[in-house]
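# Examination of the molecular architecture
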Amino acid sequence: EYMGLLKDMEAKIFKSVVKYADNSKGFECISQPFAPVIPPEHLLIKVMAAPIDFLDELIAKGEVPGVPRSEPFPLGIEGAGIVMEVGENVGEDYKLCKDKKVAFYRGFKLTPLTWGCWTQYAIVHHMACIILDDSIDCLDVCDLAVNGVTAYAMVDFLKAQKAKVALNTAAASSIGKKMLSACIKEKIELICIVRKPEQVASLKSLGAKYVLNQCDSTFVPDLKELCAKLGVQIGFDCVCGDLTAKILSALPPHSTLYLYGNLGGPLVLLPKFLVIGDKTLKGFHLATAECTNDPKKITGDLQTNCRGCQSRSLQDNSRQKIQIG
């Protein structure tokens, strides 16, 4: 297999999953020309695994403003793989990383060079890569980078708001676990909302103090009591469905709930939950989060915060493999 990869590289051809802007052809796996020279400060990566993120779905539908729309355009915002070539002027830690495994994201400047990783090969800036242990399976950590950045962005936002407590839904997810780890580090209390009893035990074993099961009959009154006790003013929800209304009904007056996904389907919400108590519902978008305006800061923190997230206990291992080519 390795010799086959080298043969493809020598022919300067690679396979990529692409989408056409007018949706006339849907998704296609095509062969594309290979970059003849690796740009300075970049790495050439053989992509071994890449997840389908919520943002990927929005990009595929053309619902994210500012994303380059070449015809056709490659998809994918993160992944994990093996470093094949190292460009000039990379950081000290990366000069000898050839043949090493890395998790990576394609950046937030959304240029043709740094967008799309549902491909056999990716050219990525070294500061957007996390060097992994050789024992790590790329499939287990292909969502490490963006989920890590999302969790970091939410905690960075909490720090900017001087919040000492918050809540988060789908807390047993990869993002949820990373956010819990970051909140513990920053001494921010976090109410974790899950949907299974075993997830309650799992998060408590990771250090969570407050974990509620949304399927319990006493969920709403328990959440309302806990929010009032801790003085919660900010929450994050990636579930939607009817859970959003339940959370809004439990939040104290003048609080804000930020949506960053809709795992549970369309939003079911009555206006009274916003009117009563002067509560606010807003969107939280990673690409426009304040911290992403400082790439050096966010990639530096990503390196630090995500190195401890490489164990299977912090990953969401519900995966389905789809072969490219």
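Residues numbered from 1 in each chain as written. Predicted model: local features only at pLDDT ≥ 70, side-chain atom pairs only at ≥ 80, totals over all residues. Heavy atoms only, no water.

### A closer look at the packing of helix H4 (residues 144-160) against helix H5 (residues 174-186)
Taken N-terminus to C-terminus, the directions of H4 and H5 make an angle of 40 degrees; their axes are 8 Å apart at the nearest point. One finds that H4 runs oblique with respect to H5. Viewed along their axes, H4 and H5 form a crossing whose handedness is right-handed. Together, Leu144, Asn147, Gly148, Thr150, Ala151, Met154, Val155, Leu158 and Lys159 of H4 and Ser174, Ile175, Lys178, Met179, Ala182, Cys183 and Glu186 of H5 make up the contact between the two elements. (Axes fitted to C-alpha atoms, helices over the stretch in contact; angles between N-to-C directions. Helix = DSSP H or I, 4+ residues; strand = E, 2+ residues; numbered from the N terminus. Parallel < 35°, antiparallel > 145°, perpendicular 65-115°, else oblique. Left-handed = near helix turned anticlockwise from the far one by under 90°. Contact = heavy atoms within 4.5 Å.)

### Topic: unusual backbone geometry
Residue Cys240 is not a glycine yet carries a positive backbone phi of 65 degrees. You can see Cys240 is positioned in the loop between strand S12 (234-237) and helix H8 (243-250). On the basis of relative accessibility, which here comes to 6%, the residue Cys240 falls in the buried class. For Asp278, which is not glycine, the phi torsion reads 55 degrees and is therefore positive. Position of Asp278 among the secondary structure elements: in the loop between helix H9 (272-275) and strand S14 (280-283). Assessed through its relative accessible area of 49%, Asp278 is described here as partly exposed. (Buried < 20%, exposed > 50% of the residue type's maximum accessible area, 1.4 Å probe, protein only.)

### With respect to the pattern of salt bridges
On inspection of all chains with the given rule, the structure shows five salt bridges. Here Lys95 and Glu92 are joined by a salt bridge, their closest N and O atoms 2.8 Å apart. Look at Lys95 and you get partly exposed, because its relative accessible area is 46%. Linking Lys159 and Glu186 is a salt bridge whose minimum nitrogen-to-oxygen distance equals 3.6 Å. Here the residue Lys159 occupies a position in helix H4, and Glu186 occupies one in helix H5, the gap between them amounting to 27 residues. Among the residues examined, Lys159 registers a relative accessible area of 42% and is labelled partly exposed. (Salt bridge = Lys/Arg side-chain N within 4 Å of Asp/Glu carboxyl O.)

### A look at the sheet that holds strand S5 (residues 78-86)
Spatially, S7-S3-S5-S6-S8 is the arrangement adopted by the five strands of the open sheet, whose pairing is antiparallel. With partners counted over all chains shown, the strands left at the sheet margins are strand S7 (121-125) and strand S8 (129-131), one partner each. Pairs of neighbouring strands in the sheet enclose a mean axial angle of 45 degrees, with direction left out of account. With five bridges connecting them, strand S3 (residues 42-49) and S7 associate as antiparallel partners. Across the sheet, His42 pairs through a bridge with His125, a residue of S7. In the packing of H4 onto the sheet, the strands contacted are S5, strand S6 (101-105) and S8, and the crossing angle to S6 comes to about 50 degrees. (Pairing = 2+ DSSP bridges.)

### A few points about the confidence of the model for the protein
Across the protein, pLDDT averages 80, with 74% of residues at or above 70. Predicted confidence is poor over residues 308-319, with pLDDT under 50, and the contacts of this stretch with residues over four places away or in other chains come to 35 contacts. (pLDDT = per-residue confidence, 0-100.)

### Looking at the environment of Ala128
Position of Ala128 relative to the elements: it lies in the loop between S7 and S8. Take Ala128: its relative accessible area is 8%, and that puts it in the buried class. Between the C-alpha atom of Ala128 and that of Ala145, which follows or precedes it by 17 residues, the distance is 8.1 Å.

### A word on the pairing of S5
The pairing of S3 with S5 spans six bridges and is classified as antiparallel. Residue pairing for S5: Lys46 is matched across the bridge by Ile82. Pairing of S5 with S6, which is carried by five bridges, proceeds in the antiparallel orientation. In the strand pairing of S6, Glu78 is matched with Tyr105.

### Here we look at the pairing of strand S9 (residues 165-168)
What you see with S9 is no split at all: Val165 and Leu167 on one side and Ala166 and Asn168 on the other are buried throughout. When S9 meets strand S10 (residues 189-194), the two strands line up parallel, connected through four bridges. Bridge assignment links Ala166 to a residue of S10, and that residue is Leu190. Between the parallel pair S9 and S10, the chain is carried across by H5, and the sense of this crossover is right-handed. (Right-handed = clockwise from strand over helix to strand, strands pointing away.)

### Observations concerning the packing of aromatic side chains
By the definition in use, this model includes six aromatic pairs. Centre to centre, the rings of Tyr258 and Phe284 are 6.5 Å apart; their planes meet at 85 degrees, and the pair counts as edge-to-face. Note that Tyr258 is positioned in strand S13 (residues 256-259) and Phe284 in the loop between S14 and helix H10 (295-306), a separation of 26 residues in sequence. The exposure classification of Tyr258 matches that of Phe284, with both residues buried. (Phe/Tyr/Trp six-rings, centres within 6.5 Å; stacked < 30°, edge-to-face > 60°.)

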